[in-house]
Amino acid sequence: MIRKIKVLETIRQGKIGGGETHVLDLIANIDTSQFEPVVLSFTDGPMVERVKELGVEVHVIYTEKPYDIRVWGKVKQFMIDHEIDIVHAHGTRANSNVFWAAKKLGLPIVYTVHGWSFHQGQKPFIKMLRIKNESFLTKKADVTIAVSHSNQKDGIELFGMNNSKVVTNGINTNKYGPSNRLKDLREELGLPENKTIVGYLVRMTIQKDPLTLIRAIRKVKDQTEDIVFLLMGNGDLVDDAKALAKELDIEDMIVWSGFRQDIPDVLNTIDIYTLPSLWEGLPIGLLEAMSMAKPIVATGVDGTKEVISDGENGILIECGDYESLAKAFIELHQNPIKMAEFGKKSREIVCQRYAVDRMCREIEDIYFQQVQNYDYAIQPLN
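Residues numbered from 1 in each chain as written. Predicted model: local features only at pLDDT ≥ 70, side-chain atom pairs only at ≥ 80, totals over all residues. Heavy atoms only, no water.

Taken as a whole and assessed by the stated rule, the structure comprises 17 salt bridges. Glu 280 is the salt-bridge partner of Lys 208, the closest N and O atoms lying 2.5 Å from each other. Residue Lys 208 is located in the loop between strand 8 (196-201) and helix 9 (210-223), and its partner Glu 280 is located in the loop between strand 11 (272-275) and helix 12 (284-291); the two are separated by 72 residues in the primary sequence. Exposure class is identical for Lys 208 and Glu 280. Each is buried. A single network of salt bridges, built from pairs that share partners, joins Glu 188, Arg 260 and Asp 262. (Salt bridge = Lys/Arg side-chain N within 4 Å of Asp/Glu carboxyl O. Helix = DSSP H or I, 4+ residues; strand = E, 2+ residues; numbered from the N terminus. Buried < 20%, exposed > 50% of the residue type's maximum accessible area, 1.4 Å probe, protein only.)

Have a look at this one:
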């Protein structure tokens, strides 16, 4: 009897961000009559606990370094012990630490790019090294999945990426639905009842550019104090953002919160979702907010501009343009009818094009295509 296809879903860390949420959605909705997922993370954290709650086997082999040859042997033995048939690496660091073992064992590798590791704001030498690294890793993969057409286009133009497919991220539109019985967290979070709430729910890193948002809030305060900003999440730049907020005297405009798992309730509480990133793949948090019928204010980068049409379901600005960012917040605050129209359109777009079932079925098709090329792949490894 042929057993289920064992898929190793591997991710660089146990913290929850876009790539980790993608993995959680994938293993929660995969066809378990055909596939048995096993998750390997390279650090511990809340994502690992969520995997356990889903009843899926999960392990941690600790490293925070890419190309950490000290763990490669452990990864190889892990694949043997768990009789893995196909490896799905999510992100650069994960792929850099699993490709050697997969190749030694003759296993197919699927590499999902959740946004390239190179981007516009990097120094030229660093960007060149990152491009060479991505070129190397995509060549090690049997197929590379890009989560946006923009990412695929960059890979093809910069290093002739072959054998790539676009599988856009998907959202559970039932879980993230405005008709659900969700909590309003204003009282719990200390948010005022009679003001517009702008939500910024991210890991605060250079990519998400929190300092531009802080400068935009200063501009907003110059015109109105009827907008309050919920900045929710952890990250390297939290302390810098708080220091800048204090320097600019806007602490009374901001409510800070660490990471929370009740994201549908949080999105239900806010009025506007903002994402002023410097680069993106296809942001899952953005799709979640759209599914909750929220108007969007974001930078027109990569996958973001594929789902947000300026003036139709949100407002797009240039990276780092805090004055336009502030102007967009005020424009929507002053026009609740436009906010509602943008939100309705956002929900329609997600339901039509970005449902999680569609994403999972497309990824499953890729798994089937790959194991067909490896005759032993669905037989137990010796």
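We now examine the nonpolar core. Of all hydrophobic cores here, the largest spans 63 residues; its most connected members are Ile 214, Phe 229, Leu 230, Leu 267, Tyr 273, Met 290 and Phe 329. Of all hydrophobic cores here, the second largest spans 28 residues; its members include Val 71, Trp 72, Ile 84 and Met 161. (Core = buried A, V, L, I, M, F, W, Y, C linked by side-chain atoms within 4.5 Å.)

Our next topic: the packing of aromatic side chains. Applying the stated criterion across every chain, the model contains 10 aromatic pairs. Ring centres of Trp 72 and Phe 99 lie 5.6 Å apart, and the angle between their planes is 65 degrees; this geometry places the pair in the edge-to-face category. Taken as a pair, Trp 72 in helix 3 (residues 69-81) and Phe 99 in helix 5 (residues 99-105) lie far apart in primary sequence, 27 residues in all. For Phe 99, a relative accessible area of 7% translates into the label buried. Arranged with centres 5.5 Å apart and planes meeting at 85 degrees, the rings of Trp 116 and Phe 159 form a pair that is edge-to-face. Of this pair, Trp 116 sits in the loop between strand 5 (109-113) and helix 6 (124-140) while Phe 159 is found in helix 7 (residues 149-159), placing the two residues 43 residues apart along the sequence. For the residue pair Trp 116 and Phe 159, the accessibility class agrees, reading buried in each case. (Phe/Tyr/Trp six-rings, centres within 6.5 Å; stacked < 30°, edge-to-face > 60°.)

Mapped onto the fold, Asp 142 is located in the loop between helix 6 and strand 6 (143-146). Within the structure, Asp 142 has its side chain in polar contact with the backbone nitrogen of Ile 109 (distance 2.8 Å). In contact with Asp 142, not counting residues within four places along its chain, are Lys 103, Leu 107, Pro 108, Ile 109, Asn 163, Gln 370 and Tyr 374. (Polar contact = N/O pair within 3.5 Å; in protein donor to acceptor, adjacent residues only side chain to side chain. Contact = heavy atoms within 4.5 Å.)

Next up on the list: the sheet that holds strand 5. Backbone hydrogen bonds hold the strands of a sheet together, and the pairing may be parallel or antiparallel. Taken in spatial order, the 7 strands of this open sheet run 3-2-1-4-5-6-7, and their pairing is parallel. In this open sheet, the two edge strands, each paired with only one partner strand, are strand 3 (57-60) and strand 7 (164-166). Neighbouring strand axes in the sheet, compared pairwise and without regard to direction, differ in orientation by 20 degrees on average. Sheet analysis places strand 4 (residues 86-90) next to strand 5, joined by 4 bridges and oriented parallel. What sits directly across from His 88, in strand 5, is Val 110. Where helix 1 (residues 18-29) meets the sheet, it contacts strand 1 (5-11), strand 2 (35-41) and strand 4, and its direction lies at approximately 160 degrees from that of strand 1. Strands in contact with helix 16 (residues 356-371) are strand 1, strand 2, strand 4, strand 5, strand 6 and strand 7; relative to strand 4, the strand with the most contacts, it is inclined by about 135 degrees. (Pairing = 2+ DSSP bridges. Axes fitted to C-alpha atoms, helices over the stretch in contact; angles between N-to-C directions.)

Okay, a nonpolar patch on the surface next. Side chains of Phe 125, Ile 126, Met 128 and Leu 129 sit close together on the surface and give an oily, nonpolar patch of about 360 Å² of accessible area. You can see Leu 129 is positioned in helix 6. Accessibility expressed as a relative area gives 40% for Leu 129, which makes it partly exposed. (Patch = residues over 30% accessible without salt bridge, like charges linked within 9 Å, V, L, I, M, F, W, Y side chains within 5 Å. Areas by Shrake-Rupley, 256 points an atom, 1.4 Å probe, with all protein chains shown as cover.)

The subject of this paragraph is the sheet that holds strand 12 (residues 296-299). What the 6 strands build is an open sheet, ordered 10-9-8-11-12-13; its pairing is parallel. Pairing within the sheet leaves two strands with one partner each, and these edge strands are strand 10 (254-257) and strand 13 (314-317). Across this sheet, the average inter-strand angle for adjacent strands is 20 degrees, counted without regard to direction. As paired elements, strand 8 and strand 11 share 2 bridges and run parallel to each other. Looking at strand 11, one finds that Gly 199 is bridged to Tyr 273. The sheet strands contacting helix 9 are strand 8, strand 9 (227-232), strand 10 and strand 11, and the helix crosses strand 9 at an angle near 165 degrees.

Turning to the layout of surface pockets, a few remarks are in order. Considering only enclosed or pocket space, the second largest pocket measures out at about 300 Å³ in volume. Lining the second largest pocket are 17 residues, and of these His 119, Gln 120, Asp 154, Trp 279 and Asp 302 sit closest to its centre. In terms of residue count, helix 7 provides more of the lining of the second largest pocket than any other element does, 4 residues in total. Residues of the lining of the second largest pocket, tallied by class, amount to 7 nonpolar, 5 polar and 5 charged. (1 Å grid on protein atoms, 1.4 Å probe; cavity = no way out; pocket = protein on both sides within 12 Å on 5 of 7 lines; lining within 4 Å. Points joined across faces, edges and corners; volume = space filled by probe spheres on them. Nonpolar A, V, L, I, M, F, W, Y, C, P; charged D, E, K, R; others polar.)

Here we take up helix 6. Taking 1.5 Å of rise per residue, the 17 residues of helix 6 would be expected to cover 24 Å, and the 25 Å separating its terminal C-alpha atoms lies within 8% of that figure. By the burial criterion, the buried members of helix 6 are Ile 131, Asn 133, Glu 134, Ser 135, Leu 137 and Thr 138. In this fold, the buried residues of helix 6 make contact with helix 4 (92-96), helix 5, strand 5, strand 6 and helix 7. (Expected span 1.5 Å × (residues − 1).)

Another aspect to go through is the pairing of strand 1. Strand 1 sits mainly inside the fold: 7 of its 7 residues count as buried. Here strand 1 runs beside strand 2; their pairing, made up of 7 bridges, is parallel. In the strand pairing of strand 2, Lys 6 is matched with Glu 36. You can see the chain leave strand 1, run along helix 1 and come back into strand 2, and the turn it takes is right-handed. Relative to strand 4, strand 1 runs parallel, the two being bridged by 5 bridges. Each residue of the ladder has a partner; that of Ile 11, found in strand 4, is His 90. (Right-handed = clockwise from strand over helix to strand, strands pointing away.)

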